[in-house]
Amino acid sequence: MLSASKSLLQLRAGTLPREARDTLFLLCVIAIIVLPQVGNLPWWCSALTAVILVWRGTLAVRSQPLPGKWWRIVLLGLALGATALTHRTLLGRDAGVTLVVLLLALKTLELRARRDAFVVFFLGFFAMLTNFFYSQSLPTALAMLMALLGLLTALVNAHLPVGRPPLLQSARMAGRMALLGAPIMLALFVLFPRIAPLWGTPTDAMTGRSGLSNTMRVGAVTQLALDDGIAARVRFDNDKAPPQRDLYFRGPVLSRFDGREWTFEPSQVPARLQVQGEPVRYEVTLEPNQRP
């Protein structure tokens, strides 16, 4: 029974039109690009991307028309709103990667002409790069190498004349192009200066760091980066600084918890607050921390 199903699947794939076959191949390559990012993306982003890719593949197999403009506008609005709600911004590494993955998936829903295919190709190349923002391990490199060869195969196939050229032929040409470009790639890797911000940002300025923060989410503690940079400069009047053991400054207290996130809850100072000891006058100058 398994052999009969396999034969039926091969027969079905062999009778697909070229456009449907190429679309399914491209969707598989996009899945390879996005799969290593699942652990870094919000769960809803991974789920929505999977639904869109499966939906687009079903439309290709059944030769059904693509969704209209209003469908795409609604999905784009939902993607932007959910990203802003999750990351509290549309800027930065995490929010940017989420948007790139969603836009790559949504672009497949208007994959009609060759121009649209080229946009998907180059978005796919950029999405490949975002994988290395989180991991530069050997498995990630091998997965992205496979995705690179897949995108090159799809790109070569899009330039081949009309008809039904086999994907194996495109893959051979893509592999030959990759081998010819390997020496140039190695030379650039060794000689090209790694100029920020493209190569010089191991962490994101928009994510949490150890120190003052307005919020703290469950599970986000592991994403905190130890930072020994200067947070503030304090100047005491008449240069009369207290002893080192007394130099302790209290920061914000995150006292409100909604089950997922701790936030700051403003509290009023009691009317009968009494202080003791001699007051110490000083001036604090905060370093820029991109927080209100």
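All figures in this text were calculated on a predicted structure; none of them were measured in a lab.

Q: Could you give an account of the pattern of salt bridges, with specific residues and numbers?
A: Applying the stated rule across the entire model yields five salt bridges. Note that arginine 93 is salt-bridged to aspartate 94, the shortest N-O span being 3.2 Å. Assessed through its relative accessible area of 16%, aspartate 94 is described here as buried. Arginine 235 serves as the salt-bridge partner of glutamate 283, at 3.7 Å between the closest nitrogen and oxygen. With glutamate 283 in strand β5 (residues 282-286) and arginine 235 in strand β2 (residues 232-236), the pair connects residues that are 48 residues apart, well separated along the chain. The class of arginine 235 is partly exposed, set by a relative accessible area of 46%. Ionic contacts of the salt-bridge type, sharing partners, join the residues Arg72, Lys107 and Glu110 into one network.

Q: How would you explain the packing of aromatic side chains if you had to name every residue and give the values?
A: Evaluation of the coordinates by the stated rule reveals five aromatic pairs. Ring geometry for phenylalanine 257 and tryptophan 262: centres 4.3 Å apart, planes at 25°, overall stacked.

Q: Any details on helix α2 (residues 18-34)? Residues and values, ideally.
A: Since one α-helical turn is 3.6 residues long, residues separated by three or four positions face the same way. Here α2 is 17 residues long and its end C-alpha atoms lie 24 Å apart, about the 24 Å a rise of 1.5 Å per residue gives. Of all the positions in α2, only Arg18, Ala20, Arg21, Asp22, Thr23, Leu26, Leu27, Val29, Ile30, Ile33 and Val34 are classed as buried. In the core, the buried residues of α2 are packed alongside α3 (43-62), α5 (93-107), α6 (114-131), α7 (138-159) and α8 (167-191).

What counts and how
Residues numbered from 1 in each chain as written. Predicted model: local features only at pLDDT ≥ 70, side-chain atom pairs only at ≥ 80, totals over all residues. Heavy atoms only, no water. Salt bridge = Lys/Arg side-chain N within 4 Å of Asp/Glu carboxyl O. Buried < 20%, exposed > 50% of the residue type's maximum accessible area, 1.4 Å probe, protein only. Helix = DSSP H or I, 4+ residues; strand = E, 2+ residues; numbered from the N terminus. Phe/Tyr/Trp six-rings, centres within 6.5 Å; stacked < 30°, edge-to-face > 60°. Expected span 1.5 Å × (residues − 1). Contact = heavy atoms within 4.5 Å.

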